[in-house]
Amino acid sequence: MTVVSDLWRKNRRRQRAGHYGAFAAAHQKRLSGPHCLTRLGRMLKAVSIRLMQAAGLLSYPRRPALTFTVILFLHLTPQVVQAAEDDPVYCSSEGIITLSSQTAVDTFQTTYGPCDTTLYGIDIGTSSTIKNLAGLADLKTIQGDLNIQSTANLDDYTGLADLQVIEGDLSISRSGEAQPHQINMTSLVSIGGKLEIHGFYSSSRLTAAYFPVLESLGGALRIHQMASLTVLSFPALTTVPSLYLNAIELADLSGFAALTSITADLTISNNRVLRNLDGLASVTAIGGSLGMTSNASLVDLHGLAALSSITGPLVIQGNTALRACGGVFTVLNGSQVGGGTSIASNSAGCHSVDDVLATAGALPARPAYCYAPGTITLGSQTAVDTFQTTYGPCDT
C-alpha cells in the first residue's frame, strides 16, 4: 500500500507541475489591455484554488470555514475589480466648465481630467474658433446642463458620440452656420431636462439630428428656426412632456413614430414643407394644448386619428392646403377637448368644427399631391421640363 501511495503522489506532482506551466502560458497574453486587472483577478483565483488543492487545503474537512472564506474572496475579486472600472471618473472643477475656444476644447482632458463625468454643467461658446468637439470624446455623463451657443463654425459633433447621460438641459443655439452638418448622439440615453435646438432660420446649416437611443426626456423638446433641417430622428422616444416644432424643413414626422404620449403641449407651426402627421399615429393623449398653425403644405390630419383626449385648447388655423380634417373627429365628437376649440382659415372642408364633424371620421385616400407652399410658377422651359422632379412625382 505504501509503495502504491508513493507512486501516486509522484505522479500527481508531475501532473501538477505540467498543468501549472501550461496554465501560465495560456494566460500570459491575456494580461494586457484595459481589462487586465479583471483577467489578473480571474487567473489568481484559478491559480490559488489549484495551489490550495495541492496543499491539501480544500481536502481537509476540518477547515470548511477557512476554505469557504478564501473561495468567496477569490470569487468576488473579478466583480470588485470590474466595479472599480465602472465607477465614474470625475472631472476636476468647482463649478460649470466654460470652453470658449478650440484650444480649451482640445485640452479638456488635460485641464480637467482624465475623466468621464462632470460634477457640473458645460458651456461651450461664444466663439468663432470652435470647429469640433473631439476633446470631449471620453465624456459619458454631464451632471448639469450642456449648452452650446453662438459657435458659428462648429460643424463636427462626433466628440459627443460616447455621451450617455445629461442630467440637465441640452441646448444648441446659433451654431454651425458655416457649412452643412449633422448631429448624431449615438449613445445618449437620457436627458434630465429639456432638449432645444434652434438657429437664426436662414443662417442655420444643420441638416439632420439623430438621437437613436434616447429613451428619457425630462423637459420640453423644442426644435425651431432651422431652415436646412430636413431630418429629425427619435426612434426610441415614447413620451415627451411637450413637443414644439416651428419653422423647420421636415416633410414628415416619421422620426417620432415611437411616440405614444405627450404630457403637455403639442405645437406644430410655420413648417412650410410638412406634408402629413403620420409619424404621430400612435399618440393617444395630449396633456396640454394642441396647436396646428400655418403649415402651408399640410393636406390632412390622418396622423391624429388615434387621439382620444386633449386636456387643453385645440387650435387648427391658417393651414392653407388643409382640407381633410377627419383625423380629429374622434376627439371632437367625444367632447374630449378640455379647452376652447378654434378651427378656421384652412382649405375647403376644414373651416370649422362643423366641417370636422361632417366627416364622421372618414380618412379619404391621399392623392399624389404636388407639394409646394403656394402657387407654382413656371417661368422657363427648364422649369416645365423638371416639374415632376421639383414637385412630384404627383398628379394633383
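Source: prediction; values computed, not measured. (Residues numbered from 1 in each chain as written. Predicted model: local features only at pLDDT ≥ 70, side-chain atom pairs only at ≥ 80, totals over all residues. Heavy atoms only, no water.)

1. Looking at the overall build of the protein chain
Working step 1: Looking only at helices and strands, the protein chain has nine helices and 23 strands in total.
Working step 2: Each of the 396 residues in the protein chain was classed as buried or not, and the buried ones make up 38%.
Working step 3: Excluding contacts between residues fewer than 6 apart, the proportion of contacts in the protein chain whose partners are at least 24 apart in sequence is 58%.
Working step 4: Carbon together with sulfur atoms contributes 55% to the accessible area of the protein chain, which is approximately 19400 Å² in total. (Helix = DSSP H or I, 4+ residues; strand = E, 2+ residues; numbered from the N terminus. Buried < 20%, exposed > 50% of the residue type's maximum accessible area, 1.4 Å probe, protein only. Contact = heavy atoms within 4.5 Å. Areas by Shrake-Rupley, 256 points an atom, 1.4 Å probe, with all protein chains shown as cover.)

2. Comments concerning the sheet that holds strand S6 (residues 165-166)
Working step 1: What the five strands build is an open sheet, ordered S2-S4-S6-S9-S12; its pairing is parallel. Either end of the sheet is taken by a strand with one partner, and the two such strands are strand S2 (117-118) and strand S12 (216-217).
Working step 2: Two strands pair when backbone bridges link them, and strand S9 (residues 190-191) and S12 are joined in this way by two bridges, in the parallel orientation. Note that in S12 the partner of serine 190 across the bridge is serine 216. (Pairing = 2+ DSSP bridges.)

3. A look at the packing of aromatic side chains
Working step 1: Enumeration over the complete set of coordinates arrives at five aromatic pairs.
Working step 2: Between the aromatic rings of phenylalanine 108 and tyrosine 112, the centroid separation amounts to 5.4 Å while the plane-to-plane angle is 45°, which identifies the pairing as tilted. Here the residue phenylalanine 108 and the residue tyrosine 112 both occupy positions in helix H5 (residues 108-112), the gap between them amounting to four residues, near one helical turn.
Working step 3: Measuring from centroid to centroid gives 5.4 Å for phenylalanine 387 and tyrosine 391, while their planes differ by 45°, and the two rings are tilted. Separated by four residues within a single helix, phenylalanine 387 and tyrosine 391 lie in helix H9 (residues 387-391), roughly one turn from each other.
Working step 4: Clustering of aromatic rings is evident, with ring pairs tying together Phe211, Phe234 and Phe256.
Working step 5: The side chain of arginine 222 reaches across the aromatic face of tyrosine 244, ending 4.3 Å from its centre. (Phe/Tyr/Trp six-rings, centres within 6.5 Å; stacked < 30°, edge-to-face > 60°. Lys NZ or Arg CZ within 6 Å of the ring centre and 35° of its normal.)

4. Some remarks on the state of the cysteines
Working step 1: What the rule picks out here adds up to three disulfides.
Working step 2: Cysteine 91 shares a disulfide with cysteine 115; S-S distance 2.1 Å. What sets the handedness of the cysteine 91 and cysteine 115 disulfide is the S-S torsion sign, and at about 85° it is right-handed. With cysteine 91 in the loop between helix H3 (64-86) and strand S1 (97-99) and cysteine 115 in the loop between H5 and S2, this residue pair connects regions lying 24 residues apart in the sequence. Residue cysteine 91 shares its accessibility class with cysteine 115, and that shared class is buried. (Disulfide = S-S within 2.5 Å.)

5. A closer look at the pairing of strand S18 (residues 266-269)
Working step 1: Two elements, strand S16 (residues 243-248) and S18, share four bridges in a ladder whose sense is parallel. In the strand pairing of S18, tyrosine 244 is matched with threonine 267.
Working step 2: Across four bridges, the pairing between S18 and strand S20 (residues 290-293) is parallel. Bridging from a neighbouring strand, serine 269 pairs with threonine 293 of S20.

6. Describing unusual backbone geometry
Working step 1: With omega at 5°, the peptide bond leading from glycine 113 into proline 114 counts as cis.
Working step 2: Considering the arrangement of structural elements, one finds proline 114 in the loop between H5 and S2.
Working step 3: A cis geometry characterises the amide bond from glycine 125 onward to threonine 126, with omega recorded as -10°.
Working step 4: With respect to the helices and strands, threonine 126 occurs in the loop between strand S3 (122-124) and strand S4 (141-142).
Working step 5: Even without being a glycine, arginine 174 presents a positive backbone phi close to 50°.
Working step 6: Structurally, arginine 174 is set in the loop between strand S7 (170-173) and strand S8 (181-184).
Working step 7: Even without glycine at this site, glutamine 225 takes up a positive phi of about 60°.
Working step 8: Mapped onto the fold, glutamine 225 is located in strand S13 (residues 221-226).

7. Brief notes about the confidence of the model for the protein chain
Working step 1: Of all residues in the protein chain, 79% attain a pLDDT of 70 or more, and the chain-wide mean is 85.
Working step 2: The low-confidence segment residues 1-5, where pLDDT is below 50, has zero contacts with residues more than four positions distant or belonging to other chains.
Working step 3: Across residues 10-49 the pLDDT falls below 50, and counting only partners more than four positions away or on other chains, this stretch makes 33 contacts in the model. (pLDDT = per-residue confidence, 0-100.)

8. Remarks on the environment of leucine 206
Working step 1: Turning to its location among the elements, leucine 206 is positioned in strand S11 (residues 206-210).
Working step 2: By relative accessible area, leucine 206 is classed as buried at 2%.
Working step 3: Residues leucine 206 and aspartate 155, spaced 51 residues apart in sequence, show a C-alpha to C-alpha distance of 8.3 Å.
Working step 4: Contacts of leucine 206, omitting those with residues within four sequence positions, involve Gly176, His181, Gln182, Ile183, Ile197, Met226, Ser228 and Leu229.

9. Quick look at the pattern of salt bridges
Working step 1: For the structure shown, the criterion picks out six salt bridges.
Working step 2: Residues lysine 194 and glutamate 196 are paired through a salt bridge, measuring 3.0 Å at the closest nitrogen-oxygen approach.
Working step 3: One connected set of salt bridges, linked through shared partners, spans Lys194, Glu196 and Arg222. (Salt bridge = Lys/Arg side-chain N within 4 Å of Asp/Glu carboxyl O.)

10. So, the environment of proline 180
Working step 1: Note on placement: proline 180 falls in the loop between S7 and S8.
Working step 2: Considering only alpha carbons, one finds proline 180 and aspartate 155, 25 residues apart in sequence, at a separation of 7.4 Å.
Working step 3: Beyond its immediate stretch of four places on either side in the chain, proline 180 contacts Arg205 and Thr207.

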